[in-house]
Amino acid sequence: EKEVKELWSMGLKSVLLFVKVPDALKDNAGKEALNPNGLMQRAIKCVKDTCPDMLVMTDVALDPYSSYGHDGIVENGIIVNDETVEVLAEMSISHAAAGANFVAPSDMMDGRILSIREALEDEGFIDTGIMSYSAKYASAFYGPFRDALDSAPGFGDKKTYQMDCANRFEALRETEMDIDEGADIVMVKPGMPYLDIVREIKNEFDTPVAVYQVSGE
């Protein structure tokens, strides 16, 4: 409450919420992410109760809840896309029900924007926006954030779903897909190393472009 009041007094009108989940609540299915009384859900309500006009965005991904530290459900050492997307859609509904204005999927699973959009519409959350991490590159810059959340991958890395810095065209393709699926804002992350990608996306599309430098900076 104190933090939100301070931010509002400084003229900041929106927040993006992340959570640190105790290890005891982590599993491979992200069950805690769907807990209506979970930390994220309580945090959303707290912000809205304290400062109703504050715009609340929420991180949607399984890595804070995963016993493996990955953004998706793991089967036989592989991150499975479609099963993960189902949970991400349920997470988004849970966040919207708690009062989130925007959900911000940061997982980079294929097709998750459409699934989230359809799920929100089906549940009547027609005004809940989606800010998609559309071009999220595999990067060592995320290290300190993973340390803070104790969510570093338990095996391998995230290069099978986060993007390759050498593949410029993939950023445009992924962004176009997200826009077609219903994203209201698209994002490039990390920001400063990929200003060329920011410019290319803005040249190509009219959708608002967000930039995230480094988590937790």
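Above this text sits the structure in question.
These remarks concern the structure in this document. Being a predicted model, the structure only gives us computed values, none of them experimental.

1. With respect to the pairing of strand β7 (residues 185–189)
Across the five residues that make up β7, a large majority, five, are buried. Burial of β7 is two-sided: the residues Ile185, Met187 and Lys189 facing one way and the residues Val186 and Val188 facing the other way are all buried. Judged from the three bridges that link them, β7 and strand β8 (residues 209–211) form a sheet pairing that is parallel. Counted as the bridge partner of methionine 187 is alanine 210 from β8.

2. Observations concerning the pairing of strand β1 (residues 14–17)
Burial of β1 is one-sided: the residues Val15 and Leu17 facing one way are buried, the residues Ser14 and Leu16 facing the other way are not. Here four bridges tie β1 to strand β2 (residues 55–60), and the two strands are oriented parallel to one another. Within the sheet, the bridge partner assigned to leucine 16 lies in β2 and is methionine 57.

3. Things to note about the pattern of salt bridges
Oppositely charged side chains may form a pair once their charged atoms are brought near each other. Using the criterion set out here, one finds five salt bridges in the structure. We note a salt bridge from aspartate 23 to lysine 26, for which the minimum N-O separation is 3.2 Å. According to the relative accessible area criterion, lysine 26 is buried, its value standing at 13%. Between aspartate 107 and arginine 112 there is a salt bridge, with the nearest N and O atoms lying 3.2 Å from each other. The two residues aspartate 107 and arginine 112 agree in class, both being buried.

Rules of the game
Residues numbered from 1 in each chain as written. Predicted model: local features only at pLDDT ≥ 70, side-chain atom pairs only at ≥ 80, totals over all residues. Heavy atoms only, no water. Buried < 20%, exposed > 50% of the residue type's maximum accessible area, 1.4 Å probe, protein only. Helix = DSSP H or I, 4+ residues; strand = E, 2+ residues; numbered from the N terminus. Pairing = 2+ DSSP bridges. Salt bridge = Lys/Arg side-chain N within 4 Å of Asp/Glu carboxyl O.

Geometry only, nothing functional implied.
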